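The primary structure of each chain is shown beneath.
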Number of protein chains: 2
Amino acid sequence: MNGAESLVRTLVAGGVDVCFANPGTSEMHFVAALDRVEGMRCVLGLFEGVVTGAADGYFRMKGSPASTLLHLGPGLANGLANLHNAKKANSGIVNIVGQHAVYHIGFNAPLTSDIEGLARPMSSWVRTSPDAKSVAGDGAAAIAAAKSSPPQIATLILPADTAWNEADGIAQVPEESQRASYSSQAVDNAAKVLRGGAQTLLLLTGNALTEQGLALAAQIAGKTGCKVMGQTYNPRMARGRGRFSIDRIPYVIEQALPILKDFKHIVLVEANDPVAFFAYPNKPSLLKPEGCEVHRMTSGGENSVAALEALASALGARPADAKPQALIELAKPSGPLTHASIAQAIAMAIPENAIVVDESVTTGRGFFPPTAAAHQHDWLQNMGGSIGFSTPVATGAAVACPDRKVICMVGDGSAMYTLQSLWTQAREGLNVLTIVFANRIYQILRGEFDGVGAGEPGQRAQDMLRIDRPTLDWVALAKGMGVPGRAVTTSDEFVKALAEGVAEQGPRLIEVQM
Amino acid sequence: MNGAESLVRTLVAGGVDVCFANPGTSEMHFVAALDRVEGMRCVLGLFEGVVTGAADGYFRMKGSPASTLLHLGPGLANGLANLHNAKKANSGIVNIVGQHAVYHIGFNAPLTSDIEGLARPMSSWVRTSPDAKSVAGDGAAAIAAAKSSPPQIATLILPADTAWNEADGIAQVPEESQRASYSSQAVDNAAKVLRGGAQTLLLLTGNALTEQGLALAAQIAGKTGCKVMGQTYNPRMARGRGRFSIDRIPYVIEQALPILKDFKHIVLVEANDPVAFFAYPNKPSLLKPEGCEVHRMTSGGENSVAALEALASALGARPADAKPQALIELAKPSGPLTHASIAQAIAMAIPENAIVVDESVTTGRGFFPPTAAAHQHDWLQNMGGSIGFSTPVATGAAVACPDRKVICMVGDGSAMYTLQSLWTQAREGLNVLTIVFANRIYQILRGEFDGVGAGEPGQRAQDMLRIDRPTLDWVALAKGMGVPGRAVTTSDEFVKALAEGVAEQGPRLIEVQM
């Protein structure tokens, strides 16, 4: 068995049985091993940003890492933006990156580059296998790193000769560590704050946003009167009718500040101290009001559900304390497409147990309230702010959960970065309904232009914001990659297209012309 | 004047008057400055790989750097693969990368990452401006680095507050250094080798492949009997009827070794000691025969034309010594599409003074001989091996040379990485004819699979090589981005489509279904 085969067998034995791949010459022995090793599903992407984003989506839904297969430094580089997003989401990924044979690196052939240097900014674990006999052990260590608490981006660099030379066999992955516990002292401190009665925000993200974590937060809120919110962006949130519905801190600073201004305490459950997405002249970076005390109860990787359980218990909060929430009435929209009618249509269309991947940017700023009344679903967001996140993440989520419908909502500007995802969705017959909001402008930048104090854009500045010359034809782009699509211009058309898109199997695309 | 405006004015004053851009919030003051500063042409790309590749193509044709405008670490990351290719081509580029305001970086907002760490592997010069008053001077230093010998990828990182705070005005770029000269001793040594009479290869790239450099090499070859070849890949080569036509070292090792086996000496003119593109089991990395002596006459950044002039003079070689070369007879092909008929059709279609960007990979391995008899043109190749190079480079070349037709030849696998280039071509009305060779497989990998000793691919391995399920519809993809396209399946259709594509203004695409 050669090094590549020892790695593929180690991955499968270690529970990493999906590989999102865009291989090249240096990775051919890994590819060849697929024919000899049962149990590895290899999914081809035509661009590496698709590959790494899919691994992120896979982890978020499966809770367990996939691997990637990337071609030397440039292949890794093309995947870095979505690795950045995955790292910020605390997703675990085993990146396998090919490299020249060890003895060939010094000759500076065209593809030679500093792969470790490229890997480090977006990886928490980086290693280059020195020889074929080390590959299996290094692979097992990479899996362990990807599964650690918090999960990590683990990048294993595989020189071609370590792939083709003879290896010793597979390696065992160290026992999966239990999800790290939590600090009782931090829970006691949070309980003391909440008992104090001053206005307190319980700010959640990560594991705290599971159905169970939210239910506990609802009890605590009912018992103590604290407010519960989510971060502006969260890796995954359990939502929909019957679940505790919470608001997120708004992206826009002017909207966030008044919401936070009266809190005396913020208790962080995995969340970060609320910080502005960008800096703006004469606006604060930190969003909490002056004098507000911040208390961390759990960090990423800790067991936030258990901590919330302990907190509820310390406070004497029980299920009956959870206050009923008023249900929003959903109504089928009609007439022209507006942000509100789009939100209503989507809220009505989300099927039971759907996965919603949200990169709707400005169009979707009002999507959250009405969709709280939709069928139960999981809501996935962009954690690193690098656009082009959603179509790959939707692809990986669909691979992880073939029985669930994935609804990918994306602005036209964002969708262009990784549009190759559609081809993988067609190839794998994935159940993804992509909704492209075609407002034909980087609309968010129009607001930001003003936000940073640059005033009113003139013609040349506007040319850098608008993407309407020429307009993108998303139905043609989807067709080019084997995905049936349709364009809609009214609410009625949109409602109809959504109903069909949800009912049909396989990938579909709707271009919402705004 | 704020820091951003001081930078834009410094760029324009320093001769950097084209900016390929994909900006975000942190770059809005740079964008705003475009409305106040005359003379900067800003070209929007919908993905950063388009932006950096276009800057590479621009430099290759203009000989002078463009700038880019990229959004923080992930925006830079998306552009790194084509910066890798540009760096290997010795192209000069001024990268401007936005960053959070200095005081905001420590708060770890979502887009925060190690931008300098990301920049270093593909940049020769990296600097973060510390404050607004430093921006103009840092910009001037970046321009000087980009214009140095050899030219450099210079990455200037611009925290948002250095863009919006008050600056002191523009900065002067140090006088452009003359292209470095050459070593007389190295020329004398080369002359001695060539006078010796042993079989010698004069191996050229870079500046030596201008019409003038090639003419001198022809005289030297005629006088001394040495062989003249180009590297396998070259940034730009002057070609076509009336120019000295040379072969390149084949990519395939088994073809390269017999061609090189009898040489006793290799004289390198900017070129590298011939090295295999990849390592393969039981095949050499270095391609020269045992005992062959390698002599470097010039390196990148040196004046190879002047060195060749001195060499010709030392050898007493004159224009009359250049041997006439037999002209290949071009004939209009007909019948089914084959690699040979495709090559003939292209050779006949290349218009006078065209720019040919070649990422035709396996389909194009036979394109070189017949196109030697085409109208005069420049031939640009991928220097770093990261695919997705050609459509952006063609875009930038067309911006640099609006009066020349650009013909971009690209495999379907490669074209998918940076297909967003087509939109920029449509937006700017660029004169680019893209020819996509749709063989629906990463055909090169089929050969490499065998080459690395992995044998015959089984079904699962083939699934990682073939991209035929579903097939890509390039006419639809082009239409989606505003570029008229047509598919051809016979030589006659291809000849007709080429003639129309060359005659028409603006971007066009031909899908060659093989």
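Values in this document were obtained by computation on a predicted structure and should not be read as measured data.

1. Observations concerning the sheet that holds strand S2 (residues 41-44) of chain A
Residue and element names in this part refer to chain A. Read from one edge to the other, the open sheet built from 6 strands follows the order S2-S1-S3-S4-S6-S5, with strand pairing classed as parallel. The open sheet has two edge strands, S2 and strand S5 (125-128), and neither has a second partner. Between one strand and the next, the sheet's axes are offset by a mean angle of 20°, whatever the strand orientation.

2. A look at the UniProt feature "domain: Thiamine pyrophosphate enzyme N-terminal TPP-binding" (unreviewed entry) in chain A
Listed under "domain: Thiamine pyrophosphate enzyme N-terminal TPP-binding" (unreviewed entry) in the UniProt record, and renumbered for this structure, are residues 1-106 of chain A. The distance from the first to the last C-alpha atom of residues 1-106 of chain A is 27 Å, and the span holds 47% helix and 20% strand.

3. Digging into the sheet that holds strand S7 (residues 200-204) of chain A
All names here are of chain A. Strand order in the open sheet formed by 5 strands is S10-S8-S7-S11-S12, with parallel pairing between adjacent strands. Only two strands of the sheet have a single neighbouring strand rather than two, namely strand S10 (247-248) and strand S12 (293-298). Relative to S10, strand S8 (residues 227-230) runs parallel, the two sharing 2 bridges. Across the sheet, the residue bridging to Met229 is Asp247, located in S10.

4. Considering helix H3 (residues 48-62) of chain B
Residue and element names in this part refer to chain B. The end-to-end C-alpha distance of H3, which contains 15 residues, comes to 21 Å, matching closely the 21 Å that a straight helix rising 1.5 Å per residue would cover. In terms of burial, H3 is largely enclosed, as 14 of its 15 residues are buried. Within two residues after H3, Gly63 carries a phi angle of roughly 75°, on the positive side.

5. Observations concerning the UniProt feature "domain: Thiamine pyrophosphate enzyme TPP-binding" (unreviewed entry) in chain A
The UniProt record annotates "domain: Thiamine pyrophosphate enzyme TPP-binding" (unreviewed entry) at residues 378-512 of chain A. The span residues 378-512 of chain A shows a helical share of 42% and a strand share of 19%, and its end C-alpha atoms are spaced 23 Å apart.

6. Examining the environment of B:Leu203
Residues and elements named next belong to chain B. Checked against the element boundaries, Leu203 lands in strand S7 (residues 200-204). Note on Leu203: relative accessible area 0%, which makes it buried. Sequence separation between Leu203 and Glu504 is 301 residues, and the spatial gap between their C-alpha atoms is 38 Å. The residues contacting Leu203, other than those within four sequence positions of it, are Met229, Gly230, Gln231, Ile249, Ile266, Val267, Leu268, Val269, Ala271, Asn272 and Pro274.

7. Things to note about the packing of aromatic side chains
In total, this model carries 15 aromatic pairs over all chains according to the counting rule given. Taking NZ or CZ as reference, A:Arg248 lies 4.1 Å from the ring centre of A:Phe368, over its face.

8. Quick look at the domain arrangement of chain A
Residue and element names in this part refer to chain A. With domains assigned, chain A is organised as domain 1 (3-164), domain 2 (184-321) and domain 3 (339-513). Of the residues lining the interface, 6 residues belong to domain 1; the matching set on domain 2 comes to 5 residues. At the boundary of domain 1 with domain 2, total buried surface from both sides reaches about 450 Å², with 52% on carbon and sulfur atoms. The interface formed by domain 1 and domain 2 includes 0 salt bridges. In this structure, the connection of domain 1 to domain 2 is made through 2 residue pairs in polar contact (both at pLDDT 80 or more). Considered class by class, the residues forming the side of domain 1 that touches domain 2 number 3 nonpolar, 2 polar and 1 charged.

9. Some details on the interface of chain B and chain A
Across the boundary between the two partners, chain B contributes 95 residues, which contact 95 residues of chain A. Across the interface of chain B and chain A, roughly 8,100 Å² is buried in total on both sides, 64% from carbon and sulfur atoms. Across the contact surface, chain B and chain A share 4 salt bridges. Of the charged contacts, one joins B:Arg460 and A:Glu38 as a salt bridge, the two residues approaching to 3.3 Å between their closest N and O atoms. Run the count over chain B and chain A and you get 46 residue pairs in polar contact (both at pLDDT 80 or more). For the side of chain B that touches chain A, the secondary structure elements donating two or more residues are helix H2 (28-34), strand S2 (41-44), helix H4 (72-88), helix H5 (115-119), helix H16 (421-428), helix H17 (443-451), helix H18 (459-463) and helix H19 (474-480) of chain B. Sorting elements by how many residues they give to the side of chain B that touches chain A places H4(B) first, with 8 residues. In the side of chain B that touches chain A, the residues fall into 56 nonpolar, 26 polar and 13 charged.

10. Some remarks on the environment of B:Leu419
Relative to the helices and strands, B:Leu419 resides in the loop between helix H15 (412-415) and H16. Put simply, B:Leu419 and B:Phe47 are 372 residues apart on the chain and 9.2 Å apart in space, counted from C-alpha to C-alpha. When neighbours within four sequence positions are excluded, B:Leu419 is seen to be in contact with A:Leu419, A:Gln420, B:Trp474, B:Leu477 and B:Met481.

11. Describing the nonpolar core
The biggest cluster of nonpolar side chains holds 242 residues, and the ones touching the most others in it are A:Phe20 and B:Phe20. B:Val267, B:Ala312, B:Ile350 and B:Leu498 belong to the second-largest nonpolar core, a separate cluster that totals 57 residues.

12. Description of helix H6 (residues 132-146) of chain A
Residues and elements named next belong to chain A. With 15 residues, H6 extends 21 Å between its outermost C-alpha atoms, agreeing within 8% with the 21 Å of an ideal straight helix rising 1.5 Å per residue. For H6, the set of buried residues is Ala132, Val135, Ala136, Asp138, Gly139, Ala140, Ala142, Ile143, Ala145 and Ala146. Contacts made by the buried residues of H6 are with helix H1 (3-13), strand S4 (93-99), S5, strand S6 (153-159) and helix H7 (160-164).

13. Some remarks on the relation of the copies chain B and chain A
The two chain copies are connected by a rotation around an axis plus a translation along it. When chain B is fitted onto chain A, the two copies agree to an RMSD of 0.0 Å after a turn of 180° and an axial shift of 0.0 Å. The transformation relating the two chain copies, once decomposed into turn and shift, fits a two-fold axis. Comparing interface residues between copies, 100% of those in chain B also sit at the interface in chain A, which points to an isologous, same-surface contact.

14. Let's talk about unusual backbone geometry
All names here are of chain A. A cis geometry characterises the amide bond from Ser149 onward to Pro150, with omega recorded as -5°. With respect to the helices and strands, Pro150 occurs in the loop between H6 and S6. In the segment running from Arg469 into Pro470, the intervening peptide bond is cis, with an omega of 0°. The topology assignment puts Pro470 in the loop between helix H18 (459-463) and helix H19 (474-480). The phi angle at Asn353 is positive, at roughly 65°, despite the residue not being glycine. Summarising the element assignment, Asn353 is placed in the loop between helix H12 (339-349) and strand S13 (354-359). Phi angles above zero are rare outside glycine, and Val361 is one such case at about 50°. With respect to the helices, strands and loops of the structure, Val361 is situated in the loop between S13 and helix H13 (368-371).

15. Considering the pairing of strand S4 (residues 93-99) of chain B
Residue and element names in this part refer to chain B. Of all 7 residues in S4, 7 are buried, a share of seventy percent or more. Every second residue of S4 is oriented toward a common face, with Ile93, Asn95, Val97 and Gln99 on one face and Val94, Ile96 and Gly98 on the other, all of them buried. A crossover links strand S3 (residues 67-70) with its parallel partner S4, the connecting element being H4, and its sense is right-handed. Pairing between S4 and strand S6 (residues 153-159): 7 bridges, direction parallel. Paired with Ile96 across the two strands is Leu156, which belongs to S6.

Criteria and thresholds
Residues numbered from 1 in each chain as written. Chains lettered and ligands numbered in written order. Predicted model: local features only at pLDDT ≥ 70, side-chain atom pairs only at ≥ 80, totals over all residues. Heavy atoms only, no water. Pairing = 2+ DSSP bridges. Helix = DSSP H or I, 4+ residues; strand = E, 2+ residues; numbered from the N terminus. Axes fitted to C-alpha atoms, helices over the stretch in contact; angles between N-to-C directions. UniProt positions renumbered as here; feature names shortened; annotations may be inferred. Expected span 1.5 Å × (residues − 1). Buried < 20%, exposed > 50% of the residue type's maximum accessible area, 1.4 Å probe, protein only. Contact = heavy atoms within 4.5 Å. Phe/Tyr/Trp six-rings, centres within 6.5 Å; stacked < 30°, edge-to-face > 60°. Lys NZ or Arg CZ within 6 Å of the ring centre and 35° of its normal. Domains from an automatic or database assignment. Buried area = accessible area lost by both parts, 1.4 Å probe. Salt bridge = Lys/Arg side-chain N within 4 Å of Asp/Glu carboxyl O. Polar contact = N/O pair within 3.5 Å; in protein donor to acceptor, adjacent residues only side chain to side chain. Nonpolar A, V, L, I, M, F, W, Y, C, P; charged D, E, K, R; others polar. Core = buried A, V, L, I, M, F, W, Y, C linked by side-chain atoms within 4.5 Å. Least-squares fit on C-alpha atoms with pLDDT ≥ 70 in both. Right-handed = clockwise from strand over helix to strand, strands pointing away.

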